[in-house]
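# Chain and residue survey
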Amino acid sequence: MRHVEEELNSQPACWIRGAEEAGRHAGALPAPGERVAIVGCGTSYFMAQAVAALRESAGHGETDAFAASEFPPGRSYDRVVALTRSGTTTEVLELLRWLSGGTRTTAITADPETPVKSAADDLVVLDFADERSVVQTRFATTALTVLRAHLGLHTAAVVADARTALATPLPEDLVDRAQFTFLGRGWTVGLANEAGLKMREASLSWTEAYPAMEYRHGPISVTTEGTATWMLGEAPAGLAEQVRRTGGTWIAGTLDPLAELVRVQRLAVAVAAHRGLDPDRPRHLTRSVILAS
């Protein structure tokens, strides 16, 4: 079994443990009322988008998400949370060091014995969700689960849906599709972005991601019989019918959106296998992006 397959299959167990440990890390995580920014790179940035939307919609306080390289220097926050699996990503470390002494920072990481240990004020270690694979699956979703539980938004039903996502067959004939579009609303826009990234990384697929309502404002024009459009969460009224009229395949998200992301992870591996690719060795990618000084 490939590393990525083993790791994505372990997500229900990781989510259970992550939710259990959320209380232990409460002091390092944003308190209600704090003005917060959540940052990351790649997958971690898309998880930051999801968490920011969840936290703000739950009434816990103004929350923004940024790619670590695009953090606005003139904006002030009570706390900045950095998601970094490796703890070595150049942009994240540079930002944490720049914020040092002025803004409280928390890093959520899989490896505490890395430079992030000294760069952040507080550390949340999810070493049980660390990965050998370049392509992130369980660390990202476990970090999101910890933050979701911290907000009081995680339930046992999420884990049950993840098990369903792993046990049930994928929609038929998707491995032959030429293009994949992922849609979200609110916090699931970040998940849609991550779904698209996962397909690109693992299977070199042509993928796009949009807020669901924006899909009608132009992007739907490229939908054809070779397109699969996958909704993470509840779809806007009438959108499924519009997609079907193009000849494209509509896939409704019937599970918790995070569990739907697990289904997409499985699809990425399946499409990679169909194309003779090894998702453990994605083209041009490394486990951490470390830029030369």
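Our structure is the block above this text.
The structure contained in this document is the topic of the report that follows. (Residues numbered from 1 in each chain as written. Predicted model: local features only at pLDDT ≥ 70, side-chain atom pairs only at ≥ 80, totals over all residues. Heavy atoms only, no water.)

This brings us to the pairing of strand 7 (residues 206-211). Pairing of strand 6 (residues 179-184) with strand 7 involves 6 bridges; the strand directions are parallel. Residue pairing in the sheet places Phe180 in a bridge with Thr207 of strand 7. The β-α-β motif built from strand 6, the intervening helix 8 (residues 188-203) and the parallel element strand 7 has right-handed crossover chirality. (Pairing = 2+ DSSP bridges. Helix = DSSP H or I, 4+ residues; strand = E, 2+ residues; numbered from the N terminus. Right-handed = clockwise from strand over helix to strand, strands pointing away.)

This brings us to the packing of helix 7 (residues 156-167) against helix 10 (residues 257-274). The interhelical angle for the contact between helix 7 and helix 10, taken along N-to-C directions, is 20°, at an axis separation of 8 Å. Considering the angle they form, helix 7 stands roughly parallel to helix 10. Helix 7 and helix 10 meet at a crossing whose hand is right-handed. On helix 10, the residues that touch Asp161, Ala162, Ala165 and Leu166 of helix 7 are Ala259, Val262, Arg263 and Arg266. Residue classes in the contact of helix 7 with helix 10 are distributed as 5 nonpolar, no polar and 3 charged. (Axes fitted to C-alpha atoms, helices over the stretch in contact; angles between N-to-C directions. Parallel < 35°, antiparallel > 145°, perpendicular 65-115°, else oblique. Left-handed = near helix turned anticlockwise from the far one by under 90°. Contact = heavy atoms within 4.5 Å. Nonpolar A, V, L, I, M, F, W, Y, C, P; charged D, E, K, R; others polar.)

What follows concerns empty space enclosed by the protein. Enumeration over the complete set of coordinates arrives at 1 cavity of 30 Å³ or more. Estimates place the volume of the largest cavity at around 50 Å³. Lining the largest cavity, in full, are Pro30, Ile38, Val51, Arg55, Val81, Leu147, His150 and Leu151. At the level of elements, helix 3 (43-57) and helix 6 (138-150) are the ones that each hand at least two residues to the lining of the largest cavity. Here the residues of the lining of the largest cavity sort into 6 nonpolar, 1 polar and 1 charged. (1 Å grid on protein atoms, 1.4 Å probe; cavity = no way out; pocket = protein on both sides within 12 Å on 5 of 7 lines; lining within 4 Å. Points joined across faces, edges and corners; volume = space filled by probe spheres on them.)

Quick look at the sheet that holds strand 8 (residues 227-232) now. As summarised here, the arrangement of the 4 strands in space is 7-6-8-9, forming an open sheet in which the pairing is parallel. If you trace the sheet from one side to the other, it starts and ends with strand 7 and strand 9 (249-251), each paired once. Between one strand axis and the next, the sheet turns through 20° on average, direction left out of account. Direction of pairing for strand 8 relative to strand 9: parallel, over a ladder of 3 bridges. Bridge assignment links Ala228 to a residue of strand 9, and that residue is Thr249.

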